[in-house]
Amino acid sequence: MSNLAIRWPANQAELPKAAFHREDLFQREIERIFLGPEWHPVAHRAELPKPGDFKTFRLGTAPIIAIHGEDGKIRVFFNSCTHRGTQLQTQARGHAKEVECPYHRWLFNTCGDLLAAPGSESFPESFRKQDYNLRELRSSDYYGVIFVTASPAAPALEDYLGELKPLFAKVLGDSRLTLLGYQKVMFSSNWKEYNDNEGYHAPLLHRAFRLLKWQAGKGTQRATEYGHVGLDAELQSVPNSDFLNDPSLVQCRDGTAPKSVIIALFPLATVLKHIDVINIRLVIPHSVDETEVHYAYFAHQDDDSAMLRHRLRQSSNLLGPSGFVSLEDGAVFNRIHQGSMTPGNVRYQKGIGAPIAPPCIVGQNDESANPLRWEYYRKVMEIERERL
Amino acid sequence: MNGSNVPAAVDALQSRYISSLDRRDFDAWLGCFDEQGSYICISRENEEQSLPLAIMMDDSRERLKDRVSYITQVWAGTFEDYWTRHFVQRLECTPNGADSYLVVSNFTVFYTSARGGSEILVAGCYADQVIVGADGTAKFRAKKAVLDTTTTPRYLVYPV
Ligand code: FES
Ligand SMILES: [Fe+2]
């Protein structure tokens, strides 16, 4: 593939702002990243618990559908009829015994097999029904999170998750979850601005932490060779919850020490637990400057009614697009997008020292994992750096 | 109060409510709820699938007051501001026990960003419980904004 004509600085801690605005990069990201050999979460099992349940989503810009088959297996397909490409399901979630395309009424079962095609007696002799089953994507699940890849070249999922594997149990427990619901929002930003968040900003941007005199406790942040970043940190209990008339918003009631565990996967998804909020964030990169984020929240199947209520109340108000400690993130994504329509490079500073290579541990309140993620991005995209 | 005056009292409350939001007078917004009042803003997608998660869940006086401090103290100065215009149309007003009425209304909220353009922020319907006192003033006991707009075009700072 020919090199893109973008000047990528020689210094690893620098990034060209044009990376957030170039249409040609976006096209290549769809090919190389979203339809390339990366794994992308599309759902948690708890979102489609019964045979016949389905959920639609996007892999990059391509519509996909996860279907819980009558045989108990969850498969992911392109949400596109194998005849002429009509989108098969239009709802975000639903339940159906079969999948019927409305255009010429081709009928598929929940395992993706083509059952019937009206008028097939006058199809060419070469037509074989089994060649027109729904186009299935390679999928694999980990702690109930269903991942897909459009590429046979992706490594085994567990190798891909690497050093972050132990964090899944810390977020999802035994993975027996129930769905509480969604918050969905559009950011006027590039998907790479959305995923370029770090630990440096948290106590500074989010005034809630200062007003509560609330600091993160001990923790570890790791960067992996596939561009993922994982944080596992204790949270001090809140000293000044007087600021809130309802301090239950920041109280931990699940019997464990309050923690923040964040699995920030390349390219875009986040699986996290913060106090008692269990949250999976999935992202659709619509265009170079439109990014849609779905926040799915979960409870545990063993929660009693008081715990369920607590999780619901905390999940609704704490960490989403309008959350007490998170609303400002969205503002920054959008503001970086505007501010990046200026020439030149940005340079990461906090925690940046001699060049390091993943897998490695980085400072919890640093931005030193960001250049490592960008370095992985640059390699996947086959963009060369300028020479020193 | 005389039942024939109830719709007028309810409409006066709705007008106070939307004008307090559009003027960003959050004390006046708080004053639209009675002491047991609650405010929920939820997507229709969740509501229809019996998924209880909300976008804002202020189910007590304490949380309503906290909502005001989120806006005025916590987030102030960080977010991209926008100006709203709420339009409300009452569809139903049904008695529901002593002094209590179930009120259903459609709404549309326009927003204008600092860049100057105006667009629709959300559309949806309110399902409210309103208490009309003997003196003829109405307050919300429970206000639920159900957003048809499942994916909002920007993050919501202010209640709807
Ligand atoms: S496009 Fe689906 S049946 Fe023809
Ligand atoms: Fe943040």
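Refer to the preceding data block for the structure.
One structure accompanies this document, and this report is about it.

Rules of the game
Residues numbered from 1 in each chain as written. Chains lettered and ligands numbered in written order. Predicted model: local features only at pLDDT ≥ 70, side-chain atom pairs only at ≥ 80, totals over all residues. Heavy atoms only, no water. Buried < 20%, exposed > 50% of the residue type's maximum accessible area, 1.4 Å probe, protein only. Helix = DSSP H or I, 4+ residues; strand = E, 2+ residues; numbered from the N terminus. Pairing = 2+ DSSP bridges. Core = buried A, V, L, I, M, F, W, Y, C linked by side-chain atoms within 4.5 Å. Domains from an automatic or database assignment. Contact = heavy atoms within 4.5 Å. Buried area = accessible area lost by both parts, 1.4 Å probe. Salt bridge = Lys/Arg side-chain N within 4 Å of Asp/Glu carboxyl O. Polar contact = N/O pair within 3.5 Å; in protein donor to acceptor, adjacent residues only side chain to side chain. Nonpolar A, V, L, I, M, F, W, Y, C, P; charged D, E, K, R; others polar. Donors = N, O, S within 2.8 Å, 3.2 Å for Na, K, Ca; no water. Tetrahedral: all angles 85-135°; square planar, octahedral: opposite > 155°, others 65-115°.

1. Points about the pairing of strand E18 (residues 290-300) of chain A
Residues and elements named next belong to chain A.
Then, in step 1: Counting buried positions over the 11 residues of E18 gives 10, a clear majority of the element.
Then, in step 2: Where strand E12 (residues 177-187) meets E18, 10 bridges bridge the pair, whose relative direction is antiparallel. Looking at the pairing, glycine 181 lines up with tyrosine 297 of E18.
Then, in step 3: Sheet topology note: the strand E17 (residues 277-287)/E18 ladder contains 9 bridges and is antiparallel. The partner of isoleucine 278 across the bridge, within E18, is phenylalanine 298.
Then, in step 4: Where E17 folds back on E18, the antiparallel hairpin that results is connected by 2 residues.

2. Focus on the nonpolar core
Then, in step 1: Core analysis: the largest hydrophobic core is formed by 144 residues, its most contacted members being A:Phe324, A:Tyr377, B:Tyr17, B:Trp29, B:Tyr39 and B:Val160.
Then, in step 2: Top element by residues in this core is helix H1 (residues 6-23) of chain B. It accounts for 7 residues.
Then, in step 3: Built from parts of two domains, this core gets at least three residues from each of domain 1 (40-149) and domain 2 (163-375) of chain A.
Then, in step 4: Ranked by size, the runner-up nonpolar core spans 15 residues in total, among them A:Ile67, A:Leu88, A:Trp106 and A:Leu114.

3. A look at the interface of chain B and chain A
Then, in step 1: In this complex, chain B contributes 38 residues to the contact, which on the side of chain A involves 41 residues.
Then, in step 2: A per-residue breakdown of the area chain B buries against chain A is headed by B:Leu53, B:Arg63 and B:Tyr155, which together make up 19% of the total.
Then, in step 3: With a shortest N-O distance of 2.6 Å, A:Asp246 and B:Arg63 are connected by a salt bridge.
Then, in step 4: Linking chain B with chain A are 25 residue pairs in polar contact (both at pLDDT 80 or more), by the criterion used here.
Then, in step 5: For the side of chain B that touches chain A, the elements supplying multiple residues, two or more each, are helix H3 (44-48), strand E2 (56-58), helix H4 (61-74) and strand E7 (151-152) of chain B.
Then, in step 6: By residue class, the composition of the side of chain B that touches chain A is 16 nonpolar, 11 polar and 11 charged.
Then, in step 7: Inspection of the sheet shows E12(A) paired to E7(B) by 2 bridges, in the parallel sense. Bridge pairing in E7(B) links A:Val185 to B:Thr152.

4. What to know about the coordination of the iron ion (ligand 2)
Residues and elements named next belong to chain A.
Then, in step 1: With distances of 2.1 to 2.5 Å, the protein atoms coordinating the iron ion (ligand 2) are His201 (NE2), His206 (NE2), Asp329 (OD) and Asp329 (OD).
Then, in step 2: What the 4 donor atoms of the iron ion (ligand 2) show is an angle range of 56 to 148 degrees at the metal, which sorts the shape as irregular.
Then, in step 3: Written as a sequence motif, the donor residues of the iron ion (ligand 2) are H-x4-H-x122-D. You'll find histidine 201 and histidine 206 in the same group, each marked buried.

Read these as spatial facts, not as claims about activity.
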